[in-house]
Amino acid sequence: MAATHFADRRRNRRLAADAGLLAVAAAFVLPLAWVVLSALDPHADLRVKAPDGVTLENFDAILTSDITFTPLLNSLILCGGATLLTVVCAALAAYPLSRFSSRLNRPFLLSILFATSLPITAIMVPVYALFVQVDLIDTLQGTILFFAASQLPFAIWLMKNFMDGVPKELEEAAWTDGAGSLQSLTRIVLPLMGPGVAVVTVFSFVMMWGNFFVPFMLLLTPDQMPASVSINEFFGNRGMVAYGQLAAFSIVYSTPVILLYVLIARRLGGGFALGGAVKG
Amino acid sequence: MNRRSLARALPVTPALVLLLLFLAGPIAYCAWIAFTDLQLTGQAESSFVGFENFRTAFQDEEFLNAVWLTLVFTVVSSLIGQNTLGLALAALMRRASKPVRTLTGGIVITAWVLPEVVAGFLLYAFFRKEGTLNALLDLLHLPSQNWLFTLPILAVSFANVWRGTAFSMLVYTAALGEIPKEITEAAEVDGAGGWRRMWHITLPMIRRSIGTNLMLNTLQTLSVFGLIWVMTRGGPGDRSQTLPLFMYEQAFQNSMIGYGTAVALLLLLVGSVFSVVYMRLLRTEV
């Protein structure tokens with residue numbers, strides 16, 4: 001009696017939880033449904049509706065070098081360059097912090113943690129003014145350097161936490177054989193924390209790929225604009241907005257980061273490294 | 001410092017140089033030009049004006065309006081919206097069946113991973129007069145309205161909930177996963193209902209995660225620019241103009257870099273206060 005009662009109650013609770021989640025999912029999916037349906041719809045407008053026949057003409061229309069390929073290539077150069085710089089600097093910086101004790105570690109780590117949570121948006125106006133003075137405004141390299149610096153605090157923090165998970169004993173053998181720090185970092189530590197490096201890389205890349213304000217402020221020449229800024233062109237002075245094309249472009253632009261996220265989420269069993277990392 | 005510790009500290013140099021030049025540098029510069037009357041044109045003639053920019057700000061109704069809207073935006077979307085919905089989702093997921101859990105999690109996380117501007121367009125389409133929300137309301141015979149005109153700050157707040165809830169959901173899923181099953185089961189056997197267990201057992205046990213999550217959500221929300229810019233440009237008028245948009249408008253549309261930077265400095269100070277509180281929450285772990 002009691003056992004079936006419990007089983008009933010458990011089943012009812014599961015049904016209630018399912019219903020609650022599905023309601024939230026339905027509310028969340030509507031904007032996403034719009035972008036998918038409109039991209040396939042020859043007569044897309046602003047509301048979610050079944051397309052008037054499925055077509056790929058919106059994709060055809062946007063897959064030109066002006067609209068899609070140049071901005072995506074710019075995004076790739078910008079975010080790829082900045083990510084590379086971030087990951088290399090973060091790995092180098094995290095190594096001594098994780099391996100050697102020093103009186104300076106704690107203040108350095110506390111400053112990093114403090115910088116991690118500063119609102120970077122706030123410093124874009126002074127960064128603009130500074131970049132004008134030192135002639136870095138409207139240059140890809142300037143934007144890459146700033147992107148890397150803004151991502152570094154979090155990257156170092158995350159990298160150090162992953163590095164702490166690699167036991168020190170493994171390096172000691174290499175040290176006695178006369179390997180230097182750089183060698184034991186690149187040959188032993190980094191290969192052992194492969195998933196950790198992947199998380200830092202993908203996370204930095206995804207953050208920059210989606211960032212609008214930084215390139216919007218620091219780049220002026222239209223040919224240098226990454227996709228996050230060039231997407232505004234759809235709302236430019238051309239009057240009518242082609243919603244189908246805007247939706248198609250949104251999909252092409254978003255797909256890489258979604259795929260990258262899925263890639264690391266799988267590797268980490270549900271993508272919990274970031275949740276874990278922010279917990280400390 | 002001896003030679004060995006110098007050699008050991010060497011790998012930190014590239015990161016340190018980048019951080020000093022491109023992060024600490026601009027922050028210091030920010031703290032300087034906030035006290036000048038630097039303008040976009042004729043930069044050579046800027047001069048030190050002391051606290052003038054701050055005095056102007058606190059007498060400027062547009063600034064006070066931006067402070068108020070930032071407060072509304074942060075409280076509604078982050079403290080209440082993302083935080084509560086994220087916790088509710090994480091709690092429901094523990095009881096739900098696997099396919100529903102995977103589906104909901106996937107949708108909520110997709111909204112989070114999307115680039116900021118794309119999220120902005122999707123919610124612009126959702127809230128526009130001829131958009132999905134009104135179509136839905138028509139279907140239910142409820143009155144529709146031009147949301148981005150009548151309630152712009154609420155529309156952008158909901159947009160931020162849509163975009164940011166996944167983070168809280170992930171933090172709380174991890175936190176709830178760490179509560180030992182025996183404790184909740186014991187309470188259940190003793191006859192404590194769902195709400196009482198949540199209030200007296202679960203919430204106290206995850207309070208550190210709640211603190212961390214609130215802190216990070218708030219900081220994230222304080223610096224939202226792209227989402228609001230795409231949806232409303234801060235308008236109509238200045239009815240959804242939060243501090244980052246106000247700062248941008250003063251600095252570039254009105255060419256008052258000094259004034260815009262003073263606003264930036266205030267934003268940075270508020271962020272720093274939150275940041276220090278956050279560090280205290282994590283204190284034992286560094």
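These numbers were taken from a predicted model, which means no experiment stands behind them.

Definitions and limits used
Residues numbered from 1 in each chain as written. Chains lettered and ligands numbered in written order. Predicted model: local features only at pLDDT ≥ 70, side-chain atom pairs only at ≥ 80, totals over all residues. Heavy atoms only, no water. Helix = DSSP H or I, 4+ residues; strand = E, 2+ residues; numbered from the N terminus. Buried < 20%, exposed > 50% of the residue type's maximum accessible area, 1.4 Å probe, protein only. Lys, Arg positive; Asp, Glu negative; His and termini not counted. Salt bridge = Lys/Arg side-chain N within 4 Å of Asp/Glu carboxyl O. Contact = heavy atoms within 4.5 Å. Buried area = accessible area lost by both parts, 1.4 Å probe. Polar contact = N/O pair within 3.5 Å; in protein donor to acceptor, adjacent residues only side chain to side chain. Nonpolar A, V, L, I, M, F, W, Y, C, P; charged D, E, K, R; others polar. Phe/Tyr/Trp six-rings, centres within 6.5 Å; stacked < 30°, edge-to-face > 60°. Axes fitted to C-alpha atoms, helices over the stretch in contact; angles between N-to-C directions. Parallel < 35°, antiparallel > 145°, perpendicular 65-115°, else oblique. Left-handed = near helix turned anticlockwise from the far one by under 90°. Expected span 1.5 Å × (residues − 1). Arc of directions from axis to C-beta. Core = buried A, V, L, I, M, F, W, Y, C linked by side-chain atoms within 4.5 Å. pLDDT = per-residue confidence, 0-100. 1 Å grid on protein atoms, 1.4 Å probe; cavity = no way out; pocket = protein on both sides within 12 Å on 5 of 7 lines; lining within 4 Å. Points joined across faces, edges and corners; volume = space filled by probe spheres on them. Patch = residues over 30% accessible without salt bridge, like charges linked within 9 Å, V, L, I, M, F, W, Y side chains within 5 Å. Areas by Shrake-Rupley, 256 points an atom, 1.4 Å probe, with all protein chains shown as cover.

For the rest of this paragraph, the subject is the side chain of Glu116(B). Structurally, Glu116(B) can be placed in helix α6 (residues 116-127). One buried charged residue, Glu116(B), remains without a salt bridge, the closest side chain of opposite sign being Arg163(B) at 5.3 Å. Excluding anything up to four places from it in sequence, Glu116(B) contacts Gly210(A), Phe212(A), Arg163(B), Phe225(B), Gly226(B) and Leu227(B).

Chain A puts 83 residues into the contact, and the matching count from chain B is 93 residues. Roughly 8,100 Å² of surface becomes buried between chain A and chain B when both sides are summed, with 80% attributable to carbon and sulfur atoms. The tally of links between chain A and chain B comes to 0 salt bridges. On inspection of chain A and its partner chain B, the count reaches 8 residue pairs in polar contact (both at pLDDT 80 or more). It is helix α1 (residues 2-40) of chain A that contributes the most residues to the side of chain A that touches chain B, 17 residues altogether. When the residues that make up the side of chain A that touches chain B are grouped by side-chain class, the tally is 65 nonpolar, 11 polar and 7 charged.

Counted according to the given criterion, the structure contains 30 aromatic pairs over all chains. Each ring, one from Tyr128(A) and one from Phe252(B), has its centre 4.7 Å from the other, and the planes form 90 degrees; the classification is edge-to-face. With Tyr128(A) in helix α5 (residues 124-133) and Phe252(B) in helix α14 (residues 243-253), the pair connects residues from two separate chains. The buried category is assigned to Tyr128(A), whose relative accessible area is 14%. Relative to Phe54(B), the ring of Phe35(B) has its centre 5.3 Å away and its plane inclined at 45 degrees; by these criteria the two rings are tilted. Highlighted residues: Phe35(B) in the loop between α2 (13-33) and α3 (52-59) and Phe54(B) in helix α3, separated in sequence by 19 residues. Counting every residue linked through ring pairs, the aromatic cluster contains Tyr128(A), Phe212(A), Phe213(A), Phe216(A), Phe225(B), Trp229(B), Tyr248(B) and Phe252(B).

Let's shift gears to the packing of helix α4 (residues 61-93) of chain B against helix α9 (residues 152-177) of chain B. Two numbers describe a pair of packed helices, the interaxial angle and the distance between the axes. Residue and element names in this part refer to chain B. Two elements in contact, α4 and α9, have axes whose closest approach is 6 Å; the angle formed by their N-to-C orientations is 40 degrees. One way to sum up the angle between α4 and α9 is to call them oblique. For α4 against α9, the interelement crossing comes out right-handed. Tallied by class, residues from the contact of α4 with α9 come to 17 nonpolar, 11 polar and no charged.

All names here are of chain A. In this model helix α8 (residues 181-192) runs 15 Å from its N-terminal to its C-terminal C-alpha over 12 residues, within 8% of the 16 Å that 1.5 Å per residue would give. When we look at burial in α8, the residues that qualify are Ser184, Leu185, Ile188 and Val189. Looking straight down α8, one finds that the buried residues subtend no more than 130 degrees of arc, so they occupy a single side. Pointing more than 90 degrees away from the buried face of α8 are the exposed residues Leu182, Arg187 and Pro191. Summarising the contacts, the buried residues of α8 are in contact with α3 (65-99), α6 (140-164) and α7 (169-176).

We now examine unusual backbone geometry. Omega for the peptide link from Gly235(B) to Pro236(B) comes to 0 degrees, which places this bond in the cis form. With respect to the secondary-structure elements, Pro236(B) resides in the loop between α13 (226-232) and α14. In this model, Asp138(A) sits at a positive phi of 60 degrees, which is unusual for a non-glycine residue. By the element assignment, Asp138(A) lies in the loop between α5 and α6. The backbone of Ser255(B) sits at a positive phi, close to 60 degrees, despite the residue not being glycine. On the secondary structure map, Ser255(B) appears in the loop between α14 and α15 (257-281).

This paragraph deals with the nonpolar core. Formed by 174 residues in total, the largest nonpolar core has its most connected members in Phe146(A) and Met159(A). Residue contacts for Met159(A): discarding those within four places in its chain leaves Val87(A), Ala90(A), Ala91(A), Ala94(A), Met193(A), Val197(A) and Val200(A). Within the second largest apolar cluster, 10 residues are counted, among which are Tyr172(B), Met198(B), Ile206(B) and Ile210(B).

Once that is clear, we can look at the confidence of the model for chain A. Predicted coordinates in regions of low pLDDT should not be interpreted in detail. In this model, chain A carries an average pLDDT of 86, and 92% of its residues clear a pLDDT of 70 or more. Below a pLDDT of 50 lies the segment residues 275-280 of chain A, which in the model reaches 17 contacts outside its immediate sequence neighbourhood of four places, other chains included.

Further remarks concern the layout of surface pockets. Counted as a void, the largest pocket has a volume near 920 Å³. What lines the largest pocket is a set of 23 residues, among which Arg13(A), Ala91(B), Arg94(B), Arg95(B) and Arg197(B) lie closest to the centre. Considering every element that reaches the lining of the largest pocket, the biggest residue donor is helix α11 (residues 194-205) of chain B, with 7 residues. When the residues that make up the lining of the largest pocket are grouped by side-chain class, the tally is 10 nonpolar, 4 polar and 9 charged.

Okay, a nonpolar patch on the surface next. On the surface, Trp68(B), Leu71(B), Val75(B), Leu79(B) and Ile80(B) cluster together to form a nonpolar patch covering roughly 480 Å² of accessible area. Residue position: Trp68(B) is located in helix α4.

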